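Spelled out from the first residue to the last, the chains are:
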Amino acid sequence: MTSEPPQPGPGAPADDRLRHNREVWAVVSADHTDAEAEARWATDEIGWGLFAVPESELGVLGDLEGTDVLELGCGTASLAGRLARRGARVVGVDLSREQLATARRCQLAFGPSFPLVEASGEEVPLRSASFDLVVSDYGVAPWCDPTRWLPEAARLLRPGGRLVFLTNSVLAGMCVPAEGGVAGERLLRPQRDLARIAWPGGGVEHHPGHGDWVRELRAAGLVVEALHELHAPPGAATPDYYEIVTAEWAQAWPAEDLWVATRP
Ligand SMILES: C[S@@+](CC[C@H](N)C(=O)[O-])C[C@H]1O[C@@H](n2cnc3c(N)ncnc32)[C@H](O)[C@@H]1O
């Protein structure tokens, strides 16, 4: 049986915020079967976001053969697993022991195995300049303070290394009802409130505007290469596992933002 963790406000100190989000993810993990993670581990295809925009179209990851890759907020590590199968030496980091336990079960069932580290993306216990690619698929971007995790990502990258991260679009964040359900066609909250928001019954999340992302990326010493605003392709179906936007909504407006930045 699971119970809902008490809710810290958006201004809560970092320790409270991280503890709360760890508890939220223990609940989420208990509510989801391994089958969802297994379905993602079972494929070699990489698609970005709710509508699985193919990596082969976007080409944000580059050639992975022989590279050192860190997935931050790896969760069940299904992306990391697919990157490892493409020849990368991969490490996964996540705050949640429960999510990492699922990742370990999937490693044994599907392979390959690689190191999984239980830590916050805001403070990663790994050596500086040891990765060619830091990637995060809905991992740290919503869940960590950008003023803390972006400098960590930059520190962990080698010069010339690349940061790729996916998060909800700013517009989706303004249009989803707080009580749950999909985004509509009205702005329901000010953009500024999204920089740190405590969703009722959910986690404390960070959804800065595009200008704020650019400022924080630059402050961390990173150079923005691209922002891909991901839409649903024609004929796409509304996903049933994470009801935040419909396919129709995402054909008109971006559901997700996929950022690419490099460390000079
Ligand atoms: C939406 S899931 C990521 C899904 C992942 N791409 C997968 O395939 O399973 C978000 C993950 O972020 C993790 N997370 C939340 N706060 C974190 C933090 N401060 N540091 C690292 N990971 C965090 C959660 O534990 C969760 O596993």
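Here, every reference points to the structure presented above.
An account of the accompanying structure is given in this report. (Residues numbered from 1 in each chain as written. Predicted model: local features only at pLDDT ≥ 70, side-chain atom pairs only at ≥ 80, totals over all residues. Heavy atoms only, no water.)

## Observations concerning the environment of G75
Then, in step 1: Take G75: it is sitting in the loop between β3 (68-72) and α4 (78-85).
Then, in step 2: Once residues within four sequence positions are removed from consideration, G75 is found in contact with D94, Q99, L100 and A103. (Helix = DSSP H or I, 4+ residues; strand = E, 2+ residues; numbered from the N terminus. Contact = heavy atoms within 4.5 Å.)

## A few points about the pattern of salt bridges
Then, in step 1: Inspection of every chain in the model, using the stated rule, returns 14 salt bridges.
Then, in step 2: We note a salt bridge from D68 to R158, for which the minimum N-O separation is 3.0 Å. Placement of the pair is D68 in strand β3 and R158 in strand β7 (residues 157-168), with a sequence separation of 90 residues.
Then, in step 3: Classification of D68 by relative accessible area gives buried; the value is 13%.
Then, in step 4: What makes R158 partly exposed here is its relative accessible area of 28%.
Then, in step 5: The partner of R196 in a salt bridge is D145, with the nearest N and O atoms 3.1 Å apart. Here R196, found in the loop between α8 (170-175) and β8 (197-198), pairs with D145, found in the loop between α6 (140-143) and α7 (146-156); they are 51 residues apart in sequence, far enough to count as distant.
Then, in step 6: Counted as one network, the salt bridges with shared partners bring together R17, E122, D145, R148 and R196. (Salt bridge = Lys/Arg side-chain N within 4 Å of Asp/Glu carboxyl O. Buried < 20%, exposed > 50% of the residue type's maximum accessible area, 1.4 Å probe, protein only.)

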